[in-house]
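# Fold and geometry: a report
Here's the letter readout for the chains.
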Amino acid sequence: MATGTPARAPIKWQVARLVERRVETATAQTLVLEVPDWPGHLPGQHVDVRLTAPDGYQAARSYSIAGPAVDGPGGPRIEVTVQRVPDGEVSPYLIDVFGAGDPVEVRGPLGGWFIWRSEDTAPVQLVAGGSGIVPLMAMIRARRAVGSKVPFRLIYSVRTAQDVIYADELRRRGRDDFGLDVAYVYTREAPDGWRGEPHRVGLADVNTHGWPPDLEPLTYVCGPTGFVEAVADLLVGLGHASRRIRTERFGPTG
Amino acid sequence: MGIVSPGFSGRPRTQEPALPPGQYLTEDFPVLSAGPTPRVSLDTWEFVISAENGTEYRWSWQELMALPQETPMVDIHCVTHWSKLGTTWQGVSLDTLLDGVDTGAHFALAHSYGGYTTNLPLDDLRGGRAWVAHTFDGAPLPAEHGGPARLLVPHLYFWKSAKWVRGIRLKTMDEPGFWETAGYHDYGDPWREQRYQGD
């Protein structure tokens, strides 16, 4: 079938173990997994996580990887941040049951489009809705890790200040990482000191906190479907070229 | 069978229908696209089959609607692990569109408004297994799901069912499309779990 494509080795399932868990918000946790044969990845890529029940039943889901892999005593470690899906099958297990040292199967890295390459010098604008911050945070962390000076702007839409994932680190990086600007849009309840009323991301937010189209930024939008549709339409309306807007949408599906 | 995850039992599944391996059922209709949703006017919409010898076969929206319509009810399977059963569509069979197209090609590259592409063996577009679909669940196909018209090839992972489809290039040599170039499988059979290159 693949006469035009070189054969590639399959990406194998491998056993990872939970080595650390961090509570991010009331509904989101970061899981640090030790993956001995992890080949490395680019910011924005994801990993498939597979659970197996004693009767052989399996359930797999894709999770964005939250940052660069780091070395650990038992091999490389990767982080995923899991948002609890009400009535979900996999996320409640990973948040409530999955314990330190427990094994899980992972497969990756996956996805070759929603990625940022640090050798690309174009300004970057990131627009996150809720847990859509995860792959975008991987880009922010990778930028820091390689010492990139590419200017980044992040617009992060959340319901309330309590729903901000990576809140402390974003505050720190917004202060210390030269060339990274972080702006928040609150949709339900704004914290004291924030100017304006709660609202969804609109033209004014993108105009004020994003890059103008004539700078030809690379844009990454990640969040729930309706959010991504609305933001991508705004950006196209402002004159950003569709081919420079990369999107990743997630729906309410377990 | 993989390693057992301690304490994992999964959803109750006494009535679980047969699904391809690694898939789970969803009732809603997730949207997965690589970029903004193109908005295509029906006045300028067209569908073009270009044969390997350069001949082009064109249909306007009115001409597509005047062709014999079919109403497939099919299961669909997304590479991101969700499956949706018994979806109802209306559209024109690729058999109808390819009827009268003079070709010896074995491969097809579907291309879309917005620049998306995906490759399929031409045989997979024949035999009542593929449509240009414009109606979903009795209503015009919404733009975020590929409206005004998308390819519908339900026996392959759904990324092969190109949204906002604009035409098909018939080719003597296979040419990987957008996701196939980005690490996904060339063919994408859900029942053989052909998700990524090398599967």
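Structural data are supplied above this passage.
Small disclaimer: the values here were computed from a predicted structure and weren't measured. (Residues numbered from 1 in each chain as written. Chains lettered and ligands numbered in written order. Predicted model: local features only at pLDDT ≥ 70, side-chain atom pairs only at ≥ 80, totals over all residues. Heavy atoms only, no water.)

### Structural notes on empty space enclosed by the protein
A full pass over the atoms with the stated rule returns 1 cavity of 30 Å³ or more. The calculated volume of the largest cavity comes to roughly 30 Å³. Tallied by class, the residues present in the lining of the largest cavity amount to 7 nonpolar, no polar and no charged. (1 Å grid on protein atoms, 1.4 Å probe; cavity = no way out; pocket = protein on both sides within 12 Å on 5 of 7 lines; lining within 4 Å. Points joined across faces, edges and corners; volume = space filled by probe spheres on them. Nonpolar A, V, L, I, M, F, W, Y, C, P; charged D, E, K, R; others polar.)

### Remarks on the interface of chain A and chain B
By a widespread convention, an interface's size corresponds to the accessible area lost as its parts come together. Listed per partner, the contact involves 52 residues of chain A and 44 residues of chain B. Put simply, chain A and chain B have 4 salt bridges between them. Between Glu 89 of chain A and Arg 11 of chain B there is a salt bridge; the shortest N-O distance is 3.8 Å. Put simply, chain A and chain B have 16 residue pairs in polar contact (both at pLDDT 80 or more) between them. Elements with a contribution of two residues or more to the side of chain A that touches chain B: β3 (46–52), β4 (58–64), β6 (103–110), α5 (225–238) and β11 (245–250) of chain A. Its residues assigned to classes, the side of chain A that touches chain B shows 22 nonpolar, 16 polar and 14 charged. (Contact = heavy atoms within 4.5 Å. Salt bridge = Lys/Arg side-chain N within 4 Å of Asp/Glu carboxyl O. Polar contact = N/O pair within 3.5 Å; in protein donor to acceptor, adjacent residues only side chain to side chain. Helix = DSSP H or I, 4+ residues; strand = E, 2+ residues; numbered from the N terminus.)

### Some thoughts on the sheet that holds β6 of chain A
Residue and element names in this part refer to chain A. The antiparallel open sheet is built from 6 strands, whose spatial order is β4-β3-β6-β1-β2-β5. In this open sheet, the two edge strands, each paired with only one partner strand, are β4 and β5 (77–83). With direction set aside, neighbouring strand axes in the sheet form an average angle of 40°. Direction of pairing for strand β2 (residues 28–34) relative to β5: antiparallel, over a ladder of 7 bridges. Residue pairing across strands places Leu 33 opposite Ile 78, the latter belonging to β5. (Pairing = 2+ DSSP bridges. Axes fitted to C-alpha atoms, helices over the stretch in contact; angles between N-to-C directions.)

Interpretation in functional terms is not warranted from these geometric data alone.
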